Amino acid sequence: MKQKDKALLVLTAVPPRWKTRWSRPLGRVLDHGIYNTTVLGQENIPQHGPVVFASNHLSYLDGPVMVGASSRYMHVMVRHDMFKGFLGRVLRSSGQIPVNRGGDRGALQYAKAILDRNDCVGILPEGTRGSGDASAMNSGVAWLALNSGAAVVPVAILGTRLPGEHRDKIPAPRRKLHVVFGEPLLITREPGVSGRVSMDRATEQIRQRLAAHISASQAVTGQELPADDHLSSKHKGQ
């Protein structure tokens, strides 16, 4: 059986809540034991009801750093080819969601089922590790918001990759990281507008909110985003 097929087998049932109970403490060890992470804006996280945490994407660490910084447990959507070996076992046992970023309606339905029981999903809607400025994003976060009624909380993660660093680099221990949670955004369908147009508008609305939040978070923290013009053609587009 192909690794992709094995990863998607876990989507047969929504993971129980207990699977996330140990992932957040592990994330906190990462944030405050291994790295020096400042967390701002936790008061913006709704205490109850479904939430989609939408973060920019700089590094492999963004997902677990976000999990450790949040005041709510969450299931993070993770690229399906990460579900292999020891890391794959950790991701499965902690209730994370494998997703084929080329388009995966099954993973979205699975995430929606989690939101429907008033739990939380984390998503990196830029899709790939890049400059992290939310200049582009996929429509998955908009689909989840429109179809579940979940609040979208923009998340700026800064410092997991610095200017000049390759996007495969893992930062050295004790580096200063920043996680900033923004004010929640509620997305609603516009009456008389087609589903496709509604989706496109919602995606752009979320993108603009996330981009503005990242820019404001840079101003508050003084942390710069990396640029990707140093990447070789071999790694661009991955």
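Now for a look at the structure at hand. (Residues numbered from 1 in each chain as written. Predicted model: local features only at pLDDT ≥ 70, side-chain atom pairs only at ≥ 80, totals over all residues. Heavy atoms only, no water.)

### Let's talk about the nonpolar core
- With 36 residues, the main nonpolar core has Val-52, Met-77, Val-141, Leu-144, Val-152 and Ile-206 as its most contacted residues.
- Going through the elements one at a time, strand 2 (51-55), strand 4 (97-99), helix 5 (105-116), strand 5 (120-123), helix 6 (140-148), strand 6 (151-158) and helix 7 (195-221) are the ones with two or more residues in this core.
- Residue contacts for Ile-206: discarding those within four places in its chain leaves Met-137, Val-141, Ala-142, Val-152, Leu-185 and Ile-187.
- By size, the runner-up hydrophobic cluster in this structure holds 23 residues, among which are Val-51, Val-78, Phe-83 and Phe-181. (Core = buried A, V, L, I, M, F, W, Y, C linked by side-chain atoms within 4.5 Å. Buried < 20%, exposed > 50% of the residue type's maximum accessible area, 1.4 Å probe, protein only. Helix = DSSP H or I, 4+ residues; strand = E, 2+ residues; numbered from the N terminus. Contact = heavy atoms within 4.5 Å.)

### Looking at the packing of aromatic side chains
- Considering all chains together, one arrives at one aromatic pair under this definition.
- Aromatic side chains Phe-53 and Phe-181 sit 5.9 Å apart centroid to centroid with 75° between the ring planes, which places their arrangement in the edge-to-face category. Residue Phe-53 is found in strand 2, and its partner Phe-181 is found in strand 7 (residues 176-181); the two are separated by 128 residues along the sequence. Across the pair, Phe-181 and Phe-53 agree in class, each one buried.
- Between the NZ or CZ atom of Arg-21 and the centre of the ring of Tyr-73, over which it lies, the distance is 4.2 Å.
- Above the plane of the ring of Tyr-73 lies Arg-24, whose end atom (NZ or CZ) is 3.9 Å from the centre. (Phe/Tyr/Trp six-rings, centres within 6.5 Å; stacked < 30°, edge-to-face > 60°. Lys NZ or Arg CZ within 6 Å of the ring centre and 35° of its normal.)

### Some words on empty space enclosed by the protein
- All chains considered together, the criterion is met by one cavity of 30 Å³ or more.
- Lining of the largest cavity is provided by Ala-54, Val-152, Val-153, Pro-154, Leu-185, Ile-206, Arg-209 and Leu-210.
- Class assignment of the residues belonging to the lining of the largest cavity gives a composition of seven nonpolar, no polar and one charged. (1 Å grid on protein atoms, 1.4 Å probe; cavity = no way out; pocket = protein on both sides within 12 Å on 5 of 7 lines; lining within 4 Å. Points joined across faces, edges and corners; volume = space filled by probe spheres on them. Nonpolar A, V, L, I, M, F, W, Y, C, P; charged D, E, K, R; others polar.)

### So, the pattern of salt bridges
- Scanning all chains against the criterion turns up eight salt bridges.
- Between Asp-116 and Lys-112 there is a salt bridge, and its shortest N-O distance comes to 2.8 Å. Here Asp-116 and its partner Lys-112 are both found in helix 5, four residues apart, which amounts to about one turn of the helix.
- A relative accessible area of 45% means that Asp-116 is categorised as partly exposed.
- In this structure, Arg-175 engages Glu-165 in a salt bridge whose closest nitrogen and oxygen atoms are separated by 2.4 Å. Residue Arg-175 is found in the loop between strand 6 and strand 7, and its partner Glu-165 is found in the loop between strand 6 and strand 7; the two are separated by ten residues along the sequence. (Salt bridge = Lys/Arg side-chain N within 4 Å of Asp/Glu carboxyl O.)

### Section: the packing of helix 5 against helix 6
- Between helix 5 and helix 6, the least distance of the axes is 10 Å, while the angle of their chain directions is 45°. Considering their axes alone, helix 5 and helix 6 lie oblique with respect to each other. For helix 5 against helix 6, the interelement crossing comes out right-handed. Contacts between helix 5 and helix 6 involve Arg-105, Leu-108, Gln-109, Ala-111, Lys-112, Leu-115 and Asp-116 from the former and Gly-140, Trp-143, Leu-144, Asn-147 and Ser-148 from the latter.
- When its residues are assigned to classes, the contact of helix 5 with helix 6 shows five nonpolar, four polar and three charged. (Axes fitted to C-alpha atoms, helices over the stretch in contact; angles between N-to-C directions. Parallel < 35°, antiparallel > 145°, perpendicular 65-115°, else oblique. Left-handed = near helix turned anticlockwise from the far one by under 90°.)

### Notes on the side chain of Gln-223
- Its location among the elements puts Gln-223 in the segment after helix 7.
- Residue classification places Gln-223 among the buried residues on the basis of a relative accessible area of 15%.
- Ignoring sequence-local partners within four residues, the contact set of Gln-223 consists of Leu-158, Gly-159, Leu-162, His-178 and Gln-218.

### Section: the pairing of strand 7
- Most of strand 7 is tucked away: five of the six residues are buried.
- Here four bridges tie strand 6 to strand 7, and the two strands are oriented antiparallel to one another. The partner of Leu-158 across the bridge, within strand 7, is His-178. (Pairing = 2+ DSSP bridges.)

### Considerations on the sheet that holds strand 6
- The seven strands lie next to each other as 1-7-6-2-5-3-4, forming an open sheet whose pairing is mixed. Each of the sheet's edge strands pairs with one partner strand only, and the pair in question is strand 1 (36-40) and strand 4. For this sheet, the mean inter-axis angle between neighbouring strands, taken without regard to orientation, is 25°.
- Seen against the sheet, helix 3 (residues 62-69) touches strand 1, strand 2, strand 3 (75-79), strand 5, strand 6 and strand 7 and runs at an angle of roughly 65° to strand 7.

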